2 protein chains.
Amino acid sequence: MRLELLCTGDELLDGSVPDTNGPWFMEQLAPLGLRPMAVTLVGDRREEIARAVREAAGRSDVLLVSGGLGPTLDDLTAEVAADVAGVPLEEHGPTWASIQARFAERGLALSPNNRKQALVPAGAAVYENPAGTAPCFVLRLGRCTCFFVAGVPREYQALVHAVVLPALRARLQADDARVFRAARVLKTVLLPESHLDARIRPLVSQHPHVRFGTRTRAPENHLKLLAEGASQAEADARLAAVERDCRTLLGEWLFGTDDDRYEAVLVSSLRAARRTVAVAESCTGGRVAAQLTSVPGASDVFAGGAVAYTEAAKQRFAGVPAELMARAGVVSPEVASALASGIRDACGADFGLGVTGFAGPGGGTAEQPVGTVFLAVAAPGGQVSVRRVHLPGDRERVQRLATAHALELLRHAVAGERL
Amino acid sequence: MRLELLCTGDELLDGSVPDTNGPWFMEQLAPLGLRPMAVTLVGDRREEIARAVREAAGRSDVLLVSGGLGPTLDDLTAEVAADVAGVPLEEHGPTWASIQARFAERGLALSPNNRKQALVPAGAAVYENPAGTAPCFVLRLGRCTCFFVAGVPREYQALVHAVVLPALRARLQADDARVFRAARVLKTVLLPESHLDARIRPLVSQHPHVRFGTRTRAPENHLKLLAEGASQAEADARLAAVERDCRTLLGEWLFGTDDDRYEAVLVSSLRAARRTVAVAESCTGGRVAAQLTSVPGASDVFAGGAVAYTEAAKQRFAGVPAELMARAGVVSPEVASALASGIRDACGADFGLGVTGFAGPGGGTAEQPVGTVFLAVAAPGGQVSVRRVHLPGDRERVQRLATAHALELLRHAVAGERL
């Protein structure tokens, strides 16, 4: 099946907003074993949209067109679709009724433009938009099935789920009734993509009915698995087998699957262990606390945090002795330890995390250049583990990676305690 | 001038990474008064790249092709370009010498593949890549000038700056020697796009030689101004005039221009005023501190921060009396004030910022639903100002907007003190 995307809108071409619908849709396609052959972006210009629709429909089996279905003058897609199909626009009664109902419900006045949104090419199949007023319509152009959906991401996503993906699934079944699929994403953090690839490579030949792919969301790398079988049970069994092997090879690099969010997994594991954590951070400047507290319900496990840039703040908030900082240096394993233990005590938490380092671009010494970071975790029994890392990149990257390392230290400490 | 982009790479079509080169390039084009008519993404497939190059070159004056110039088997772009042009590939001596030098410098062994990168279509103009090994080449296809550049963003950006933009500027001058341009971006924060638009609208008819545009980078909205004139002096004067008018209408919503980063502007204004700040945050969970400390040199002005989720942490870190929390409630103007004053005293800072609120999805009361946030700033003289806001959206959005409001309160307090 040859599939293409066409995304319309001036805002995609003048640098106002990047296209996020395309990448999102590709992620939804992966479990079906599909990906687009081409993606085209054009502005709100009648002749450009017409040309792009005509060309893509001429060479593809399925075309997904998005945007340009709103009520304003520069929303041209329905008109262009009718022109290319050689049919008139006509009002779709149920859509007009639903637009009127929507406005009445909200107490808004209808403008003449709003009625324009109920016009669709004659002969098109029309589907209601659960998230907005622009209807979705499906038109056959030559041998190509063309889906027209709204470009607002919320509406786009609702319509892809309600109309486009079910149609693609049905078509795949019809095209090849004997292929069933099962998909999983395995998520790692701080494991470089090349290492992930090297670890998994031996499995590729052992699982001939599975497609392997990777996806980078720094500092995470994700392994995408797509198993095929002659029945759903066979596809599921193949997926389970390859997932088991991958889990063995990835070990504790693996933190979650599919829709799992790293920080939510960590907060859940603390909650499950009935443990709390407090954080004292220097060079990460609040990022460790911010990532933990981005999770709903983080207050169950987060006992408090200190952003201790200065020596005075380290002393006041985490009780780090001035004498220790003078003797060992502020960026040292001793001070990372003292931050972890001190903040744990200060907040009455089970775990304490301490971070100190040189994020750059200034600072650093010959022995401890910019990018040197010490991370410490104080465990419920009081014992402290310290790690030293040297991180590459600019300030933003050092801060981001140091935050990931600090949270990993905590995740492993929580997991270790539960063994 | 009709300009198109063609971005190649399987990773752009399987959801691995979104295309960031296209949106970046569009931002560089804006000051020239240009934008692409279409953007096409295709995978690493010979026939798809060839079709896309042929079609785009057939209808455009300028085509920028990126990606597929690396040393591996799926890097096909140079071959395809030669095919489409009907010329052989030939080795470009200076490029091969520079690849050898680059590897020698780093002590890396050359593989036979590396020599492939020195092959370019016969007759192409070749430019050295300052940031990598893939050369940039320029080929004439019919009436279209085609630039071929590497897809790695660092290399792409270097080559666009070194080769593509200068060529476009020269061509614009040749095409229309009488039009000169001057551009500026004015940056606001927390001003909704519709309000920005309404404020500026009266100026549009008063400045007929200026193009107005907006760009959203939530919580910021940017106003893009592009002035044209028959000389550079005239374009500059028109830009200065419209900028003056915009500044009057935008007032203190405006925080910076062009490449200014919000938090860097704020840190600079604190440094200029020789003032420091300390932060005590509850519902923003470390984001205020993290945003301030993302700026290089933030240690000059950042005296410390506390993430005080619990009552105990508010008391310990910022000295908020338990009695006050019991009486006024933890989410209250009184507690926001006490956090601001308390953290200012604890860290010996000039300014103190306090944030308390309900980020959701849990929490909140009938009078203070989720999204209610109190923000306070304690000034050097000790006086405290408090603001109450009600923020829409989910937890992530409430935290992001509350952080922006807290920083704005500080920015205005620093500015007010300097008047």
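None of the values given here were measured: they were computed from a predicted structure.

(A) Summary view of the overall build of chain A. From N to C terminus, chain A includes 14 helices and 17 strands. Counting only C-alpha atoms, chain A reaches 85 × 55 × 40 Å along its principal axes. Taken over 419 residues, chain A has a buried fraction of 47%.

(B) Structural context of the sheet that holds strand β9 (residues 180-189) of chain B. Residues and elements named next belong to chain B. In spatial order, the strands read β10-β11-β9-β12; together these four strands make up an open sheet with antiparallel pairing. Across the chains shown, the open sheet's two edge strands, defined by having one partner strand only, are β10 (210-217) and β12 (254-257). For this sheet the average axis-to-axis angle between neighbouring strands, irrespective of direction, equals 25°. Here eight bridges tie β10 to strand β11 (residues 220-229), and the two strands are oriented antiparallel to one another. Note that in β11 the partner of arginine 217 across the bridge is glutamate 220.

(C) A look at the interface of chain B and chain A. Across the boundary between the two partners, chain B contributes 55 residues, which contact 55 residues of chain A. Looking at which element gives the most residues to the side of chain B that touches chain A, the answer is strand β14 (residues 302-307) of chain B, with six residues. Each residue belonging to the side of chain B that touches chain A can be placed in one class, and the counts come to 28 nonpolar, 18 polar and nine charged. As paired strands, strand β2 (residues 38-42) of chain A and strand β2 (residues 38-42) of chain B are joined by five bridges and run antiparallel to one another. Residue pairing for β2(B): Ala38(A) is matched across the bridge by Val42(B).

(D) Main features of the relation of the copies chain B and chain A. When chain B is fitted to chain A, the residual RMSD is 0.2 Å, and the transformation amounts to a turn of 180° plus an axial shift of 0.2 Å. A rotation of that kind, with that shift, is consistent with a two-fold axis. Comparing interface residues between copies, 100% of those in chain B also lie at the interface in chain A; the contact surface is shared.

(E) Main features of the pairing of strand β9 (residues 180-189) of chain A. All names here are of chain A. Two elements, β9 and strand β11 (residues 220-229), share 10 bridges in a ladder whose sense is antiparallel. Across the sheet, lysine 187 pairs through a bridge with histidine 222, a residue of β11. In this sheet, strand β12 (residues 254-257) lies alongside β9 in antiparallel orientation, the contact comprising three bridges. Paired with threonine 188 across the two strands is leucine 254, which belongs to β12.

(F) Region of interest: unusual backbone geometry. All names here are of chain B. The step from alanine 218 to proline 219 runs through a cis peptide bond, and the omega angle for that step is 5°. The omega torsion of the bond from glycine 360 to proline 361 falls at 0°, within 30 degrees of zero and hence cis. You can see proline 361 is positioned in the loop between β15 (351-357) and β16 (372-378). Although it is not a glycine, aspartate 258 adopts a positive phi angle of roughly 45°. Relative to the assigned elements, aspartate 258 resides in the loop between β12 and α9 (262-272). Positive phi values are uncommon outside glycine, yet arginine 274 reaches one of about 50°. Looking at the element boundaries, arginine 274 is found in the loop between α9 and β13 (277-281).

(G) Representation of the sheet that holds β11(A). All names here are of chain A. Within the open sheet, the four strands sit side by side as β10-β11-β9-β12. Their pairing is antiparallel. Taken across any chain shown, the strands that pair with only one partner, and hence form the sheet edges, are β10 (210-217) and β12. Shown here is a sheet whose adjacent strand axes are inclined to one another by a mean of 25°, direction ignored. Together, β9, β11 and β12 form the strand contacts of helix α9 (residues 262-272), whose direction differs from that of β12 by roughly 105°.

(H) Highlighting the domain arrangement of chain A. Residues and elements named next belong to chain A. Domains assigned within chain A are domain 1 (3-175), domain 2 (180-257) and domain 3 (270-418). Averaged C-alpha coordinates put domain 2 and domain 3 at centres separated by 32 Å. Considering only residue class, the side of domain 2 that touches domain 3 consists of four nonpolar, no polar and one charged.

(I) Molecular detail of helix α6 (residues 153-175) of chain B. All names here are of chain B. In the structure, α6 departs most strongly from a straight axis at valine 160, where the bend amounts to approximately 45°. For α6, the complete set of buried residues consists of Glu155, Tyr156, Leu159, Val160, Val163, Val164 and Leu168. Close packing links the buried residues of α6 with α1 (21-29), β3 (62-66), β6 (125-127), β7 (136-141) and β8 (144-149).

(J) Focus on the pairing of β8(B). Residue and element names in this part refer to chain B. By the criterion of burial, β8 is predominantly enclosed, with five of the six residues buried. Inspection of the sheet shows β3 paired to β8 by five bridges, in the parallel sense. Bridge assignment links valine 65 to a residue of β8, and that residue is phenylalanine 148. Of the strand pairs in this sheet, β7 and β8 are connected by five bridges, and their pairing is antiparallel.

(K) Representation of helix α13 (residues 333-347) of chain A in the model. Residue and element names in this part refer to chain A. Helix length check: α13, at 15 residues, gives a terminal C-alpha distance of 21 Å against a target of 21 Å (1.5 Å per residue), a fit within 8%. Within α13, 12 of the 15 residues are buried, leaving the element largely enclosed by the surrounding structure. Backbone geometry just after α13 places glycine 348 at a positive phi near 60°.

(L) Region of interest: the environment of His405(A). Residue and element names in this part refer to chain A. Within the secondary structure layout, histidine 405 lies in helix α14 (residues 395-418). Overall, histidine 405 belongs to the buried group, with 22 C-beta atoms counted inside 10 Å. Taking the C-alpha atoms as reference points, histidine 405 and valine 355, 50 residues apart in sequence, are found 9.6 Å from one another. Beyond its immediate stretch of four places on either side in the chain, histidine 405 contacts Leu190, Leu375 and Val389.

(M) Highlighting the packing of α1(B) against α6(B). Residues and elements named next belong to chain B. Following both chains from N to C, one finds α1 and α6 inclined at 30°, their axes separated by 11 Å at the closest point. Between α1 and α6, the angle is such that the two are roughly parallel. The handedness of the crossing between α1 and α6 comes out as right-handed. Note on element contacts: α6 touches α1 through Pro153, Tyr156, Gln157, Val160 and Leu165, opposite Asn21, Trp24, Phe25 and Gln28. Among the residues forming the contact of α1 with α6, the class breakdown is six nonpolar, three polar and no charged.

(N) The arrangement of the packing of helix α7 (residues 193-206) of chain A against helix α8 (residues 232-250) of chain A in detail. Residues and elements named next belong to chain A. Running from N to C, α7 and α8 cross one another at 150°; their axes reach a closest spacing of 10 Å. In terms of axis orientation, α7 runs roughly antiparallel to α8. Along this stretch, α7 crosses α8, giving a crossing that reads as right-handed. Taken together, the residues of α8 that come into contact with α7 (itself represented by Arg199, Ile200 and Leu203) are Val242, Asp245, Cys246, Leu249 and Leu250. Of the residues contributing to the contact of α7 with α8, the split by class is six nonpolar, no polar and two charged.

(O) Structural context of the environment of Gln232(A). Position of Gln232(A) relative to the elements: it lies in helix α8. It is 5.3 Å that separates the C-alpha atoms of Gln232(A) and Phe180(A), two residues lying 52 residues apart in sequence.

(P) Examining the environment of Asp14(B) more closely. Within the fold, Asp14(B) resides in the loop between β1 (3-8) and α1. The exposure class of Asp14(B) is buried, given the 20 C-beta atoms found within 10 Å. Ignoring anything within four residues of it in the chain, the contact list for Asp14(B) reads Met26(A), Ala30(A), Arg35(A) and Gly213(A).

Cut-off values and rules
- Numbering of residues begins from 1 in every chain and follows the order in which that chain's sequence is written.
- Labels follow written order: the first chain is A, the first ligand is 1, and so on.
- At least 70 in pLDDT is required for a residue's local features to be given in this predicted model, at least 80 for side-chain atom pairs to be given and counted, and no such filter applies to totals for whole chains, interfaces and linings, which use all residues.
- Only DSSP runs of H or I reaching four residues or more are called helices, and only runs of E reaching two or more are called strands; each is numbered from the N terminus.
- Our exposure labels follow a C-beta count within 10 Å of each residue's own C-beta, placed from the backbone: buried means 20 or more other C-beta atoms, exposed means 12 or fewer, and partly exposed covers the counts in between.
- Only when DSSP finds a minimum of two bridges between them are two strands counted as paired.
- Axis angles are defined between N-to-C directions and span 0 to 180 degrees, where every axis is a line fitted to C-alpha atoms and, for a helix, only to the segment in contact.
- Contact between residues is assigned whenever the C-beta positions, reconstructed from backbone atoms, fall within 7 Å.
- In this count, Pro and Cys sit with the nonpolar residues alongside Ala, Val, Leu, Ile, Met, Phe, Trp and Tyr, while Asp, Glu, Lys and Arg are called charged and the others, Gly among them, polar.
- Least squares is the method used to superpose the copies, on C-alpha atoms of residues holding a pLDDT of at least 70 in both.
- Domain extents, as shown, originate in an automatic or database domain assignment.
- The bend at a residue is defined as the angle formed between two axes, one fitted to the seven residues ending at that residue and one fitted to the seven starting there.
- A helix is expected to reach a length of 1.5 Å times the quantity of its residues less one.
- Convention used here: angles under 35 degrees read as roughly parallel, angles over 145 as roughly antiparallel, angles from 65 to 115 as roughly perpendicular, and any remaining angle as oblique.
- Here a crossing is taken to be left-handed if its near helix is turned anticlockwise relative to the far helix by less than a right angle, and right-handed if that turn runs clockwise.

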